[in-house]
Structures are given as C-alpha cells and as structure tokens.
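Okay, here's what each chain looks like letter by letter:
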Amino acid sequence: MKEYKGRIATKLFWTGCGLCAGWFVFNVAGKFTHSFLISAIAALAVIVWMLHKIYYTDNISILFTNDNQLLIKRFGKIIKGFPIDQYYWSEYSKNSNTKNEDDQDIYYISKETGKEDYIDATNFSGEDYKEMLSMLGAKNTNEQPIKVATIKK
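Each value, and the rule that gives it
Residue positions are given per chain, counted from 1 along the sequence in the order it is written. Local features in this predicted model are restricted to residues of pLDDT 70 or higher, and side-chain atom pairs are both shown and tallied only at a pLDDT of 80 or more, whereas totals for entire chains, interfaces and linings draw on every residue. Note: side-chain values were computed over all heavy atoms of the structure, leaving out hydrogens and water. Each nonpolar core is a collection of buried residues, namely Ala, Val, Leu, Ile, Met, Phe, Trp, Tyr and Cys, held together in the definition by side-chain atoms within 4.5 Å. For the exposure calls, accessible area comes from a 1.4 Å probe over protein chains only, and a residue counts as buried if that area is under 20% of its type's maximum, exposed if over 50%, partly exposed in between. Where helices and strands are cited, they refer to DSSP runs of H or I of at least four residues and of E of at least two residues respectively, numbered from the N terminus. Contact between two residues is taken to exist if any of their heavy atoms lie within 4.5 Å; hydrogens are not considered. Two strands pair if DSSP finds at least two bridges between them. Fitting a line to C-alpha atoms yields each axis, with helices limited to the stretch in contact; the angle taken between N-to-C directions then spans 0 to 180 degrees. Aromatic pairing here means that ring centres of Phe, Tyr or Trp (its six-membered ring) are within 6.5 Å. Orientation follows from the plane angle: under 30 degrees is stacked, over 60 is edge-to-face, and everything else is tilted. Here, a charge over a ring is recorded when the distance from Lys NZ or Arg CZ to the ring centre is within 6 Å and its angle to the ring normal is within 35 degrees.

Caption draft 1: Fine view of the nonpolar core. Ranked by internal contacts, the top residues of the largest apolar core, which has 19 residues, are I62, F64, L70, F82, W89, I106 and I119. Sorting the residues of this core by element identifies strand 2 (61–64), strand 3 (69–74), strand 5 (87–90), strand 6 (105–110) and helix 3 (126–136) as the ones contributing at least two each. When residues of this core are assigned to their parent elements, the largest contribution, 4 residues, is made by helix 3. In this view, I106 contacts W89, S90, D117, Y118, I119, A121, Y129, M132, L133 and L136; residues no more than four positions away in its chain are not counted.

Caption draft 2: Just unusual backbone geometry, in detail. In this structure, N68 takes a positive phi of about 65 degrees despite not being glycine. Within the secondary structure, N68 sits in the loop between strand 2 and strand 3. Judged by its relative accessible area of 35%, N68 falls in the partly exposed class. Residues other than glycine seldom take positive phi values, yet F75 does so here, at roughly 55 degrees.

Caption draft 3: Up close: the sheet that holds strand 2. Pairing is antiparallel across the open sheet formed by 4 strands, whose spatial order is 1-2-3-4. Here the strands that pair on one side only, and so sit at the sheet edges, are strand 1 (2–5) and strand 4 (77–83). On average, each strand axis in the sheet is inclined to that of its neighbour by 20 degrees, with strand direction left out of account. In this structure, strand 3 lies alongside strand 4, joined through 6 bridges in antiparallel fashion.

Caption draft 4: Geometry of the packing of aromatic side chains. This structure, assessed with the given rule, holds 12 aromatic pairs. When the ring of Y4 is compared with that of F64, the centres are 5.9 Å apart and the planes differ by 90 degrees; the resulting orientation is edge-to-face. With a gap of 60 residues between them, Y4 in strand 1 and F64 in strand 2 connect regions that are remote in the sequence. Note on F64: relative accessible area 5%, which makes it buried. Ring geometry for F82 against W89: centres 5.7 Å apart, planes inclined by 85 degrees, an arrangement best described as edge-to-face. Overall, F82 belongs to the buried group, its relative accessible area being 1%. Overall, the relative accessible area of 9% leaves W89 in the buried class. Feature note: the residues F82, Y87, W89 and Y108 constitute an aromatic cluster, connected by ring pairs. Over the ring of Y56 we find R74, and its NZ or CZ is 4.6 Å from the ring centre. Seen from the ring of Y88, K111 lies directly overhead, with NZ or CZ sitting 5.1 Å from the centre.

Structure, rendered in structure tokens:
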C-alpha cells in the first residue's frame with residue numbers, strides 16, 4: 001500500500017493566491033460600485049470559495065492498495081474507490097489533445113459506460129503526480145508512438 005498526501009507548501013501558495021484574488025476583486029468592485037460593503041462582500045466570497053476549494057475539496061490523499069484499488073480519502077475517510085482495471089487512466093481529457101503544463105488532473109474513463117471524470121491532484125507534488133500516473137498505466141514510456149498516415153492533396 002502506498003499513500004500520497006498533498007503538500008502543505010502548495011496549499012499555502014494557493015492560499016496566498018486566494019488572498020491576492022480577494023484583494024483584486026475588492027479593488028475592482030470598489031472602483032465600479034463605490035461601496036465598501038459590496039466590494040468587501042465580493043472579496044470575502046472569493047476568499048471563502050478559494051479556501052473551501054484548497055482545504056476541503058482538494059484536501060485529499062490517494063491510496064493505492066495491494067489488491068489493485070485506488071482509494072481517495074478526505075480527513076481519513078474513504079470518499080471514493082476505484083478498481084484500477086475497470087478504468088482507462090490518462091493525464092489528458094478524451095476531448096482534448098493538449099495539456100496545460102500546470103494542470104495536474106488524473107482523468108479516468110469507465111470501460112463499461114464510457115463516462116469520463118477526473119481527480120484534481122493540484123495539491124500533490126509534481127513527482128508524486130508523475131508516479132501516480134505511472135502506477136495507473138497512464139504514462140507508458142516504453143511504448144512507441146503511433147504513426148498516422150496522412151493523404152496529401
């Protein structure tokens with residue numbers, strides 16, 4: 001069993017970004033409304049939303065079990081479990097052929113239904129993210145690229 005936990009430094013960085021976003025919204029709302037109350041409420045809403053995302057929604061740990069399962073835990077409770085063999089795993093969405101360099105999402109597609117969803121791994125280190133993708137089979141470095149023949153006119 002191997003468990004990956006989010007890094008506190010990443011959480012603190014995004015907390016600072018959330019505070020800066022709140023300050024920005026406060027200033028912009030103040031310029032347009034000329035009301036301290038409205039701009040303070042708008043800034044507080046942005047800050048609360050960011051803190052909720054960082055410390056609740058994205059505050060997960062990912063556990064790989066010996067029986068080929070992936071478990072997602074939040075505050076020590078299992079919130080979701082996946083049998084790894086029943087899903088296709090990727091770092092790219094099935095609707096996109098490019099990936100944002102800073103984006104750390106693990107996409108999965110059910111082999112039975114074809115439904116796609118993702119796990120946000122933003123709070124994990126880059127090394128942990130790559131290692132998780134390798135364990136899921138989403139980063140096969142030994143495979144040769146597929147050549148596609150094109151027709152030139």
